[in-house]
Amino acid sequence: MKKRPSSALEMLIIVLFIMSISITASDCELKAQSDLRSEVDSYLEGLPFEMPAIELPSFPDSTFNIIDYDAVNDGHSLNTEAFRKTIQACSDAGGGTVTVPHGIWLTGPIRLESNINLHLDQGAMILFTPDRTQYPIIKTPSRGFLVTSPIYGFHLENVAITGEGIIDGSGEAWRPVKKFKTTSSQWEELLESGGVVDAEGKIWWPSQEALDGERYLKELKDQKSKQDLTENDFLPARDYMRPYMVLFVHCKKVLVDGVTIRNSPKFVLVPNWSEHIVIRNVKVNNEWWAQNGDGIDISSCKNVLIYKCIVSVGDDAICMKSDSKKNSHEPSLMNVVITDCNVYHGHGGFVIGSNTDGGIKNISVKNCNFIDTDVGLRFKSARGRGGLVEHIYMNDIFMKDIMNEAILFNAWYDDDPDDEEHPISNMTPRFRNFRFNDIYCIGARQAVSILGLPEMPVQDIEMNNLHISADKGFEVSYATDMVLKNISIVPRDGVVYSIHQSSSIIIENGLLPQATQTFMKVTGDRTANIRVVRTDLSSIDQPIDYADDADKKAVIVE
């Protein structure tokens, strides 16, 4: 009969086995961090501007499971306190990973802390409660009073949201819906669900407070000075204000990786005044009719990498914004790289603006696909909201079925263009030094529209190897110093280029589409020094059409 091993030997074997598992897990974590470092560095190689290495977050090996802090995954039990206790315990231990296992975890707002990785396992869904009373008004750094975001963090370092799970913001409980964006049956369902409709019968609101919120805030502004306002003053407008879904303010070393974020009350993923940010493999989804349903909004941040993301939303998909800051001598938004992303719906595939008053510099967008967006590449601002936007690089962009313009510059956002000059200030929109290479679009209402200001033209634009088929061609108003090389603009009808009050434009190796009767329409007494080089216009008798107010020598065909 064989002797049974001693209990001491059994204990030693167990300890060694546990140690081997721990070492293996640690090795996997180190390899994952090394792979991320290598991948991030590879995306920052060969940029057209200098950009520092992005600092990545790192976390202790400790793991805290929300189940151990009384969380229940039935989709009905409110787990706000369980999330708070788990995150607090993890933070008190020096940080680590807060694990959300499979199941539906109903909760109120989640406040993250430094050195915390909120990790959603495959099959996990964090469902934020539609009960709007669970979202207090809070005073935030730099952004004033806001409704508490479902996930948020202020002044954090080393923070992440990772995993393969889903984050659902119950946005249907917050968002207004415009009638023209719904079918008749959808509209009837909204009416039956409760809420109220405005006097014109055009917009459904989830509550009377939401409908009245804009008016209330205007009255509050007139009644109280900013320094006297408190959180309670804003409570009557909470339903109208709506929270951002994921908000980071003044944070450093932020990673969002792998998760699906959907159904947001307002903008989905909003880093603000933060730096060293990596967003990868993230799926962002709002319904196409979701009001103010922006996808990824990078606002006044530095050193940002976004790659391999999929976005389909009801407003701007991937958007850059900047706010001014006193005594700052550099742009508030700079050094952003976006690559290998797909956008399936949005007001713009990639967008800059509309607020650009803090300045924007050094943006690279490369190897992205935009399908069914309202606009492809969209650059917008307005007097009083503008600033200097420069050193912007667009490469290898592939678009299909764009509802409006494939490429749009608009310094008149929300205003009607005219020819009146205004005084130039630091809030005047300035777009300059943009480079476009290898841009393709099959189907758009218009190929390119550039609308500068009379007092501040769009300037220093280079486009090389553009191939765009659209209903309308290339229109320019108030622009200067443009070089267009190897450009194929194929409008369904009408002129290929319309140039108004613009100067110093070179079109080299352009294309005259078949059946085109007019290559270029020229208007405005400021239009001058337009050169058409190595472009065969011999098949039409009068390739240039001059308006009465245009100089008949404004265009030289070489």
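Going by the structure above, here's the rest.
So, here is what we can say about the structure in this document. Quick caveat: nothing in here was measured; it's all calculated off a predicted structure.

### Structural notes on the overall build of the protein
Then step 1. A tally of helices and strands in the protein yields 6 helices and 40 strands.
Then step 2. Here the protein has a C-alpha radius of gyration of 27 Å; the compact-globule value for 558 residues is 24 Å, and the two agree.
Then step 3. The dimensions of the protein, computed from C-alpha atoms along their principal axes, are 105 × 60 × 50 Å.
Then step 4. Long-range pairs, those at least 24 residues apart, make up 71% of the contacts in the protein between residues at least 6 apart in sequence.
Then step 5. Of the charged side chains in the protein, 54 are positive and 77 negative, and the gap between their average positions amounts to 3 Å.

### Comments concerning the packing of aromatic side chains
Then step 1. Counted according to the given criterion, the structure contains 19 aromatic pairs.
Then step 2. Between the aromatic rings of tyrosine 135 and tryptophan 174, the centroid separation amounts to 5.4 Å while the plane-to-plane angle is 85°, which identifies the pairing as edge-to-face. With tyrosine 135 in the loop between β6 (124-128) and β7 (137-140) and tryptophan 174 in the loop between β11 (166-168) and β12 (177-178), the pair connects residues that are 39 residues apart, well separated along the chain.
Then step 3. For tyrosine 135, a relative accessible area of 0% corresponds to the buried category.
Then step 4. Where phenylalanine 409 meets phenylalanine 434, the ring centres are 4.9 Å apart and the plane angle is 70°; that geometry is what we call edge-to-face. Of this pair, phenylalanine 409 sits in strand β30 (residues 388-410) while phenylalanine 434 sits in strand β31 (residues 430-451); the two residues are 25 residues apart in sequence, bridging distant segments of the chain. This pair shows no difference in class: phenylalanine 409 is buried, exactly as phenylalanine 434 is.
Then step 5. Members of the aromatic cluster, each reached through a chain of ring pairs, are Phe350, Phe379, Phe409, Phe431, Phe434 and Phe436.
Then step 6. Above the ring of tyrosine 244, the side-chain terminus of lysine 266 is found at 4.5 Å from the ring centroid.

### Regarding the environment of threonine 63
Then step 1. Mapping threonine 63 onto the fold places it in strand β1 (residues 63-65).
Then step 2. In the structure, threonine 63 is positioned 36 residues away from threonine 99 in sequence and 6.8 Å away in space, judged by C-alpha atoms.
Then step 3. Setting aside its immediate chain neighbours within four residues, threonine 63 contacts Thr97 and Thr99.

### Topic: the pairing of strand β26 (residues 342-345)
In regular strands, side chains alternate between the two faces of the sheet.
Then step 1. In terms of strand pairing, strand β23 (residues 310-312) meets β26 through 3 bridges, oriented parallel. Counterpart to serine 312 in the pairing with β26 is histidine 345.
Then step 2. Taken together, the 2 bridges between β26 and strand β28 (residues 360-371) define a ladder with parallel strand orientation. Across the sheet, valine 343 pairs through a bridge with phenylalanine 370, a residue of β28.

### What about a negative patch on the surface?
Then step 1. Together, Asp414, Asp415, Asp416, Asp418, Asp419, Glu420, Asp525, Asp548 and Asp549 make up a region of like negative charge exposed at the surface.
Then step 2. Mapping aspartate 414 onto the fold places it in the loop between β30 and β31.

### Side note on the layout of surface pockets
Then step 1. Its volume calculated, the largest pocket comes out at about 1,100 Å³.
Then step 2. If you trace the largest pocket, you find 26 residues lining it, with Phe145, Leu146, Leu217, Phe234 and Met241 closest to the centre.
Then step 3. Looking at the lining of the largest pocket, the elements that each hand over two or more residues are β8 (144-147), β14 (203-205), α4 (208-223) and α6 (238-241).

### Overview of empty space enclosed by the protein
Then step 1. Tallied over the entire structure, the rule returns 1 cavity of 30 Å³ or more.
Then step 2. Each pocket or cavity is described by its volume, and for the largest cavity that value is around 40 Å³.
Then step 3. Taken together, Leu146, Val147, Met241, Arg242, Pro243, Tyr244 and Lys266 make up the lining of the largest cavity.
Then step 4. Of the residues that constitute the lining of the largest cavity, the class distribution is 5 nonpolar, no polar and 2 charged.

### Focus: the pattern of salt bridges
Then step 1. Considering all chains together, one arrives at 28 salt bridges under this definition.
Then step 2. Aspartate 41 is the partner of arginine 37 in a salt bridge, and the nearest nitrogen-oxygen pair spans 2.9 Å. One end of the pair is arginine 37 and the other is aspartate 41, both in helix α1 (residues 7-43) and 4 residues apart, which spans about a single turn.
Then step 3. The class for arginine 37 is partly exposed, based on a relative accessible area of 26%.
Then step 4. Glutamate 558 is the partner of arginine 531 in a salt bridge, and the nearest nitrogen-oxygen pair spans 2.8 Å. Taken together, the residues span a long stretch of sequence, with arginine 531 in strand β38 (residues 528-533) and glutamate 558 in the segment after β40 (555-557) at a distance of 27 residues.
Then step 5. Through salt bridges with shared partners, a single network forms among Glu39, Asp257, Arg280 and Lys308.

Each value, and the rule that gives it
- Residue indices follow the written sequence of each chain, beginning from 1 at its first position.
- This being a predicted model, a pLDDT of at least 70 is required before a residue's local features are given, and a value of 80 or more before pairs of side-chain atoms are given or counted; all residues contribute to the totals for chains, interfaces and linings.
- For side-chain calculations, the full set of non-hydrogen atoms in the structure is used, while hydrogens and water are omitted.
- Numbering of helices and strands runs from the N terminus, with a helix taken as a DSSP run of H or I at least four residues long and a strand as a DSSP run of E at least two residues long.
- The size measure is the radius of gyration over C-alpha atoms, and the globule rule it meets is 2.2 Å times the number of residues to the 0.38 power.
- The contact criterion used is simple: two residues touch if any of their non-hydrogen atoms lie within 4.5 Å.
- His is not counted here, nor are the chain ends, while Lys and Arg score as positive and Asp and Glu score as negative.
- Taken as the charge centre is NZ of Lys, CZ of Arg, CG of Asp or CD of Glu, depending on the residue.
- Centre distance within 6.5 Å is the pairing criterion for rings of Phe, Tyr and Trp, where only the six-membered ring of Trp is used; planes under 30 degrees apart are then read as stacked, over 60 as edge-to-face, and the remainder as tilted.
- Buried means the residue's accessible area, taken with a 1.4 Å probe over protein chains only, is under 20% of the maximum for its type, while exposed means over 50%, and partly exposed covers the values in between.
- For a lysine, the NZ atom is tested; for an arginine, the CZ atom; a charge sits over a ring if that atom is within 6 Å of the ring centre and within 35 degrees of the ring normal.
- Paired strands, in this sense, are two strands between which DSSP finds at least two bridges.
- To count toward a patch, a residue needs a relative accessible area over 30% and no salt bridge; like charges are then connected within 9 Å, while nonpolar side chains (Val, Leu, Ile, Met, Phe, Trp, Tyr) are connected within 5 Å.
- Note that accessible areas follow from Shrake-Rupley with a 1.4 Å probe, and for residues the cover is restricted to the protein chains shown.
- Just to be clear on terms, a salt bridge is a Lys or Arg side-chain nitrogen sitting within 4 Å of an Asp or Glu carboxyl oxygen.
- Within this scheme a cavity is a closed region of a 1 Å grid, computed over the protein atoms alone, that accommodates a 1.4 Å probe without allowing it to escape, whereas a pocket is open but has protein on both sides within 12 Å along at least five of seven lines; lining residues each have an atom within 4 Å of a point.
- Grid points are joined across faces, edges and corners, and a volume is the space filled by probe spheres set on the points.
- Under the scheme applied, nonpolar residues are Ala, Val, Leu, Ile, Met, Phe, Trp, Tyr, Cys and Pro; charged residues are Asp, Glu, Lys and Arg; polar residues are all the others, including Gly.

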